[in-house]
Amino acid sequence: MNFVCRILLLLLALQARADDWPQWLGPKRDGVWRERGILQKFPSNGPAVRWRVPVGEGYSGPAVAAGKVFVTDRQALDRTNSAANPFDKRSIPGIERVLCLNEADGKLAWKQEYECAYNMSYPFGPRATPVYDNGRVYALGAEGDLLCIDATSGRKIWSRHFKDDFGVPTPLWGFSANPLVDGNRIICLVGGKGSVAVAFDKENGKELWRALAAKEPGYAPPMIYEVGGKRQLIIWHPEAVNSLDPETGSVYWTVPFTAKMGLSIPTPRLRGDRLFITCFYNGALMLQFDQGQPGIRELWRRAGKNERNTDALHSIMSTPVFDGDYIYGVCSYGQLRCLKAANGDRVWETFAATGGKEERWANAFLVRQEDRYFLPNEKGDLIIARLTPDGYQEISRAHLLEPTNHGPGRDVVWSHPAFAHRSIYARNDKELVCASLAE
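Residues numbered from 1 in each chain as written. Predicted model: local features only at pLDDT ≥ 70, side-chain atom pairs only at ≥ 80, totals over all residues. Heavy atoms only, no water.

J.: What should I look at first to understand the packing of aromatic side chains in this one?
T.: Pairs of aromatic rings are described using the distance from one ring centre to the other and the angle between the two planes. The full count for this structure, using the stated rule, is 20 aromatic pairs. Taken together, a centroid distance of 5.9 Å and an interplanar angle of 55 degrees make the contact between F374 and F419 tilted. Taken together, the residues span a long stretch of sequence, with F374 in strand 27 (residues 372-376) and F419 in strand 30 (residues 418-420) at a distance of 45 residues. Residue classification places F419 among the buried positions, given a relative accessible area of 1%. What links up through ring pairs into an aromatic cluster is the set W21, W33, F374 and F419. Over the face of the ring belonging to Y118 we find R74, whose NZ or CZ atom lies 3.7 Å from the ring centre. Between the NZ or CZ atom of K260 and the centre of the ring of Y281, over which it lies, the distance is 4.9 Å. (Phe/Tyr/Trp six-rings, centres within 6.5 Å; stacked < 30°, edge-to-face > 60°. Helix = DSSP H or I, 4+ residues; strand = E, 2+ residues; numbered from the N terminus. Buried < 20%, exposed > 50% of the residue type's maximum accessible area, 1.4 Å probe, protein only. Lys NZ or Arg CZ within 6 Å of the ring centre and 35° of its normal.)

Structure, rendered in C-alpha cells:
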C-alpha cells in the first residue's frame, strides 16, 4: 500500500471515530460535541430515527458509553396524589429505575429498580444524568439514592441513601446536581451542616470527606477546573460560590452569592481565568481567578429589578456558553441572549430558539459543535444555529419528539440530550429516541 493511500485511510479512520457522551455535558463536561462528519442541515423529513424505546417519566438526560445507553426514569404507582400544582409535596409512591440499553438498537440490556416515594415539587422523575466510568455506572435518584452498578451485568455494587446516611431532607426540587467522578472519588451535593459536598470512594461508597454548610445544597453540578496553579473543585450552593481541594475537601476561597429559593442550578462556566455564574432571581456574577495560587476576585455582578425585568442574564436551567469575549445563554422568560463578558452588557436577544414568545422558564440547551450550536428546546425541536456577536442565525430545525411534561403548566421537554456516535439521544416522559445526525 503506498504512502498516500495510508494517509487517506488514516484520515477516514479519524473521521469515522465515534465518541461517547459518558456524563453530564459530555466527555469533558463542557457541553462541546467534538465528533466530525455531522450533517449541515436536516433532511426535509427530519433526521433519520435509528430507534425509539419506551421509558418512564424523568428529567434526567442519558449517558452513552461502552456500547450502551444509560438513563434513569420513574414509574409512579399512584397518581391520585399527584396534584396539578407541582409545588404540592404530598408523598407519591413509585419505583425509580436505572435502564441500560444497547446503543445499536435500543434493546434493554438490564435494569435496576427500587421503591422510591417522592416528596418533592415537580414529582416527575429523576433529575441527574448517570455517569459512566471504567466499567461502572453511577446513578443518583431524586430522593438521594446513589447507586454504583456494574455496567455490563447490571449488578448493584454499592449504594448510599443521602437522607438516611446524612439525616438531610429532600431538597424542594429533589437531589438534582449531576455527580462528578474524579480519580478515586465520586463527588455529590448532599446537604446538611458540614456536608453540602461529599466525596465517596467510587470503589466501595465509603465517605472520603465532607465539606461546607448551607441551609440548602442547591442543584448546580460540581465542577473541577485547573486554574491558579491548582485543581479547584467549584461548589456553588445557594449562599456562595466555593473553591475546594478535590482531594481533601479543604476550602480555598468563598464568595457570597445568594440564589433565592435555593435556585443555584446552571453549571458554572470557565473561560481562561474567568468564571461565570447565573441564576434565575439573582442575575449574573463574573469572577477572576488569581494567577499561581487559588484565589479569586469579583469582576462584576448584574441583576435586574426582578427576574422578568432583567439585566444581563437570569438563567433557570440552561447552562450558558462562555465563548471568547461573549456569553450566550437563555434568560428567565425564554430570551436567548448574548452578553459582553467584560461587563455583562446585553448585545442582543431573541425568542426564536425557545418558543417564539415570552414564557416563564422557557428553555433551550446549548451544545457547541465546531463553529455552530445544536439547540434542543422545550418544544421537542432540535435547532442548528450560529451564535455570534452579530446575532442569532438559524440554519435548520427539526421536530424530534413530543413535549409530554406538564409541570410548568404547558407541555415541555426539560431533559438534556446526549450527542454521541454522530447521533442524538433525547427523551421525554414516554420514550427515548436515537436519531442519526451523520452527514
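J.: What is the right way to look at the sheet that holds strand 10 (residues 180-182) in this model?
T.: One key point about sheets: their strands pair by backbone hydrogen bonds, in either a parallel or an antiparallel sense. Taken in spatial order, the four strands make up an open sheet running 10-11-12-13, and their pairing is antiparallel. Because the sheet does not close on itself, it has two edges, and the strands there are strand 10 and strand 13 (207-211). Sheet twist, expressed as the mean angle between neighbouring strand axes with direction ignored, is 20 degrees. The pairing of strand 11 (residues 185-189) with strand 12 (residues 197-201) spans five bridges and is antiparallel. The residue of strand 12 that forms the bridge with R185 is D201. (Pairing = 2+ DSSP bridges. Axes fitted to C-alpha atoms, helices over the stretch in contact; angles between N-to-C directions.)

J.: Would you mind showing me how to read the layout of surface pockets here?
T.: Each pocket or cavity is described by its volume, and for the largest pocket that value is around 660 Å³. What lines the largest pocket is a set of 29 residues, among which R127, I265, I316, M317 and W414 lie closest to the centre. A per-class count over the lining of the largest pocket returns 18 nonpolar, nine polar and two charged. When its volume is computed, the second largest pocket comes out at roughly 380 Å³. (1 Å grid on protein atoms, 1.4 Å probe; cavity = no way out; pocket = protein on both sides within 12 Å on 5 of 7 lines; lining within 4 Å. Points joined across faces, edges and corners; volume = space filled by probe spheres on them. Nonpolar A, V, L, I, M, F, W, Y, C, P; charged D, E, K, R; others polar.)

J.: Mind showing me how you'd approach the pattern of salt bridges here?
T.: Pairing between side chains of opposite charge can happen when their charged atoms approach one another. Within this structure, the stated rule accounts for 28 salt bridges. In this structure, K163 and E143 form a salt bridge, with 2.8 Å as the shortest nitrogen-oxygen distance. Taken together, the residues span a long stretch of sequence, with K163 in helix 2 (residues 162-166) and E143 in the loop between strand 7 (136-140) and strand 8 (145-150) at a distance of 20 residues. Note on K163: relative accessible area 24%, which makes it partly exposed. E378 is the salt-bridge partner of R410, the closest N and O atoms lying 2.8 Å from each other. Of this pair, R410 sits in the loop between strand 29 (391-399) and strand 30 while E378 sits in the loop between strand 27 and strand 28 (381-388), and the two are 32 residues apart along the sequence. A residue is classified by how much of its surface remains accessible, and E378, at 0% relative accessible area, is buried. (Salt bridge = Lys/Arg side-chain N within 4 Å of Asp/Glu carboxyl O.)

J.: Sorry if this is basic, but what is going on with empty space enclosed by the protein here?
T.: Empty space left among the atoms is revealed by rolling a probe the size of a water molecule over them. Counted under the stated rule, the structure contains three cavities of 30 Å³ or more. In this structure, the largest cavity occupies an estimated 90 Å³ of space. As for the largest cavity, its lining consists of 13 residues, and the residues nearest its centre are P376, N377, D381, L401 and V413. When the residues that make up the lining of the largest cavity are grouped by side-chain class, the tally is eight nonpolar, three polar and two charged.

J.: So what exactly am I meant to see when it comes to the pairing of strand 16 (residues 240-244) here?
T.: Judged by how many residues are buried, strand 16 sits mostly within the fold: five of five residues are covered. Every second residue of strand 16 is oriented toward a common face, with A240, N242 and L244 on one face and V241 and S243 on the other, all of them buried. Here strand 15 (residues 230-237) pairs with strand 16 via five bridges, running antiparallel. Considered in strand 16, the bridge of L233 is made with L244. Where strand 15 folds back on strand 16, the antiparallel hairpin that results is connected by two residues.

J.: Whenever I open this one, the nonpolar core confuses me. Can you help?
T.: It is characteristic of soluble globular proteins that their nonpolar side chains tend to be buried jointly. In terms of nonpolar packing, the biggest core is built from 31 residues, with F374, F419 and L437 touching the most fellow members. Residue assignment for this core shows that the elements contributing at least two residues are strand 1 (49-54), strand 3 (68-76), strand 4 (94-102), strand 28, strand 30, strand 31 (423-427) and strand 32 (431-436). Considering every element that reaches this core, the biggest residue donor is strand 32, with four residues. With residues up to four places along the chain from it excluded, the contact list for L437 reads W33, G37, I38, L39, F42, P47, F374, L382, F419, R422, S423 and I424. Residues M223, V255, A259 and I296 belong to the second largest nonpolar core, which totals 18 residues. (Core = buried A, V, L, I, M, F, W, Y, C linked by side-chain atoms within 4.5 Å. Contact = heavy atoms within 4.5 Å.)

J.: Just to check I follow, could you spell out the environment of A199 for this structure?
T.: You can see A199 is positioned in strand 12. Under the relative-accessibility criterion, A199 is labelled buried at 0%. In this structure, the C-alpha to C-alpha distance between A199 and E247, residues 48 residues apart in sequence, is 8.7 Å. Setting aside its immediate chain neighbours within four residues, A199 contacts R185, I186, I187, K206, E207, L208 and W209.

J.: Just checking my understanding: could you explain the pairing of strand 9 (residues 156-161) for this structure?
T.: Relative to strand 9, strand 8 runs antiparallel, the two sharing five bridges. Looking at strand 9, one finds that I149 is bridged to K156. The turn joining strand 8 and strand 9, which pair antiparallel and follow one another in sequence, is formed by five residues; a positive phi near 85 degrees is taken by G154.

J.: I would appreciate a short explanation of the side chain of H237 in the present structure.
T.: Structurally, H237 can be placed in strand 15. Contact partners of H237, with chain neighbours within four places excluded, come to V196, L212, A213, A214, E216, P217, N242, F257 and S264.

J.: In this structure, what is going on with the sheet that holds strand 31? I would like to understand it.
T.: Across the sheet, four strands lie side by side as 1-32-31-30; this open sheet has antiparallel pairing. Here the strands that pair on one side only, and so sit at the sheet edges, are strand 1 and strand 30. Each strand of the sheet is rotated relative to its neighbour by a mean of 15 degrees, with strand direction disregarded.

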